[in-house]
Amino acid sequence: MQFTAVFAALAAFAVTQVCLDGYRNGNWNGEDCGGRGWFKGSHDYKNPDNCWDACAGLLVQAINQGASDVECDDVEGGARCWIGFH
């Protein structure tokens, strides 16, 4: 039983990494991946990589803690980006 739980946790983490890695510098329109609806957008934000860099760690932590609806915002001057899942 414990082996199954560990395997499931590792599989969920792998899917999360695949989803996040694919989201780093692309797809600002949203997609479904790993059983979650992902979104990412911006207002006057110039570099999508910076948004991902600012938020990826928080998203992984939230998933590992069982969160099902998370949004991370990054603000640089007057520009804002957001990335998350539901």
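Criteria and thresholds
- Residues numbered from 1 in each chain as written.
- Predicted model: local features only at pLDDT ≥ 70, side-chain atom pairs only at ≥ 80, totals over all residues.
- Heavy atoms only, no water.
- Helix = DSSP H or I, 4+ residues; strand = E, 2+ residues; numbered from the N terminus.
- Contact = heavy atoms within 4.5 Å.
- Phe/Tyr/Trp six-rings, centres within 6.5 Å; stacked < 30°, edge-to-face > 60°.
- Buried < 20%, exposed > 50% of the residue type's maximum accessible area, 1.4 Å probe, protein only.
- Lys NZ or Arg CZ within 6 Å of the ring centre and 35° of its normal.

Peer 1: For this particular structure, what's the right way to read unusual backbone geometry?
Peer 2: Leaving glycine out, the prevailing phi sign among residues is negative, and the prevailing peptide bond configuration is trans. The backbone of Asp-44 shows a phi angle near 60°, a positive value even though the residue is not glycine. You can see Asp-44 is positioned in the loop between β2 (36-43) and α2 (48-64).

Peer 1: So what exactly am I meant to see when it comes to the environment of Glu-31 here?
Peer 2: With respect to the helices and strands, the residue Glu-31 is situated in strand β1 (residues 31-33). Leave out the neighbours within four places in its chain, and Glu-31 touches Tyr-23, Arg-36, Gly-37 and Trp-38.

Peer 1: When you look at the packing of aromatic side chains in this model, what are you seeing that I'm missing?
Peer 2: Any two aromatic rings considered together are summarised by their centre-to-centre distance and by the angle between their planes. The tally for this structure, following the rule as stated, stands at 1 aromatic pair. Ring centres of Trp-38 and Phe-85 lie 5.3 Å apart, and the angle between their planes is 50°; on these two criteria the pair is classed as tilted. Here Trp-38 is found in strand β2, whereas its partner Phe-85 is found in strand β4 (residues 79-85), with 47 residues between them in sequence. Exposure class is identical for Trp-38 and Phe-85. Each is buried. We note Arg-36 situated over the ring of Phe-85; from NZ or CZ to the ring centre the distance is 5.2 Å.

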